[in-house]
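Inside the fold
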Amino acid sequence: MSLTPNLRGALWMLASAVGFTVMTTLIKFLGADYPAALQTFYRQLAGVIVLLPLIARDWRGAFRTTRPGILIFRSSAGVLGLILGFYAYQKLPLADANALSFTRTLWLVPLAAFVLREPIGPWRIGAALVGFGGVLIMLRPGAGGMDAWMGWPQACALISALLFALTITGMKVMTRDHRPFVLLVYAAVLGLVFAIPPALFVWRWPSWPDLGLLAAMGVIGTLTQGAYIKGMEAGEAAVMAPIDYTRLVFAVGAGLLFFHEVPKPATLAGAAIVVASTLFISWREHKLAQRAKAQPA
């Protein structure tokens, strides 16, 4: 039985969501002994090892670029985003960290206007403001003082989402004249280079069992990224985007099962608003793209 493109894409997206949940569960489990900077190093190292056979087929083509500056910026922002994101997953409940990570779509709205010079319109601006209102509900300002609602973990999660939005914006610029594989190779290789210095400050040699878990975390992270790309390529973006949010459901289950984390009502309510607003932004962009294609040249 042959699968429709959207069904095939949905299966890839579900695989990505499951893989992401496994990776973040390992991040939290290993967080007591291995700081976020060290975990990021092993994540990048595993990614490079996975890509080496593909790079070896055509290493000149894999590294061919005309704009190294943007690639360096993307990789440095991506590594810093990973370190901050890993720290948030270590310190926050998995559901909270996942919900805050979805704000990268909200950050893309002002970045599209100021960096890509795209017209964004009142609907997308309004949806982004509503989404950030959902973030405030999750953080519950005024409940227990400043440290209780905006500590380092929450701030790191939001800054990480902003940095990943910057890397996505850079990718939109680079895909105009670069293959996605080239961007993936540079993100992995330069990311490994940039991950070494912060890892050295917190370095410790892992035990063999922990090394296996760190390696698994890195490999799963790379495969998760690949599954996400395959899903978006196979199906329609507007159909695939909602499936990515299943990882919030998986995160709630993993947090409850492995770490006895019961999500707070404010987290669930705020997360629902963030997800709804980001879905609206994705749907709006899809409709505008369809309208642009329908117009005669």
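Anyway, here's the lowdown on the structure attached to this text. (Residues numbered from 1 in each chain as written. Predicted model: local features only at pLDDT ≥ 70, side-chain atom pairs only at ≥ 80, totals over all residues. Heavy atoms only, no water.)

Side note on the layout of surface pockets
- Of the volumes computed, that of the second largest pocket is approximately 290 Å³.
- Around the second largest pocket, the lining comprises 14 residues; the ones closest to its centre are Leu54, Leu184, Gly226, Ile229 and Lys230.
- Broken down by element, the residue count for the lining of the second largest pocket peaks at eight residues, all from helix α11 (residues 208-234).
- Looking at the lining of the second largest pocket, its residues break down into nine nonpolar, three polar and two charged. (1 Å grid on protein atoms, 1.4 Å probe; cavity = no way out; pocket = protein on both sides within 12 Å on 5 of 7 lines; lining within 4 Å. Points joined across faces, edges and corners; volume = space filled by probe spheres on them. Helix = DSSP H or I, 4+ residues; strand = E, 2+ residues; numbered from the N terminus. Nonpolar A, V, L, I, M, F, W, Y, C, P; charged D, E, K, R; others polar.)

Some details on the packing of aromatic side chains
- Scanning the model with the defined rule gives nine aromatic pairs in all.
- A centroid spacing of 6.0 Å and a plane angle of 70° characterise the contact between Phe20 and Tyr89, whose relative ring orientation is edge-to-face. Of this pair, Phe20 sits in helix α1 (residues 5-30) while Tyr89 sits in helix α4 (residues 68-91), and the two are 69 residues apart along the sequence.
- Tyr89 sits in the buried class, given a relative accessible area of 7%.
- Consider the rings of Phe63 and Tyr186, whose centres lie 5.5 Å apart with planes at 80°: the pair is edge-to-face. Within this pair, whereas Phe63 is found in the loop between α3 (59-62) and α4, its partner Tyr186 is found in helix α10 (residues 180-201), the two being separated by 123 residues in sequence.
- On the basis of relative accessible area, Phe63 is assigned to the partly exposed category, the value being 30%.
- According to the relative accessible area criterion, Tyr186 is buried, its value standing at 13%.
- One aromatic cluster is present, built from ring pairs that chain together Phe41, Tyr42, Trp203 and Trp205.
- The ring of Phe259 has Lys28 sitting right over it, with the charged end atom 5.7 Å from the ring centre.
- For Arg247, the ring lying beneath its charged end belongs to Phe20, and the centroid distance is 4.3 Å. (Phe/Tyr/Trp six-rings, centres within 6.5 Å; stacked < 30°, edge-to-face > 60°. Buried < 20%, exposed > 50% of the residue type's maximum accessible area, 1.4 Å probe, protein only. Lys NZ or Arg CZ within 6 Å of the ring centre and 35° of its normal.)

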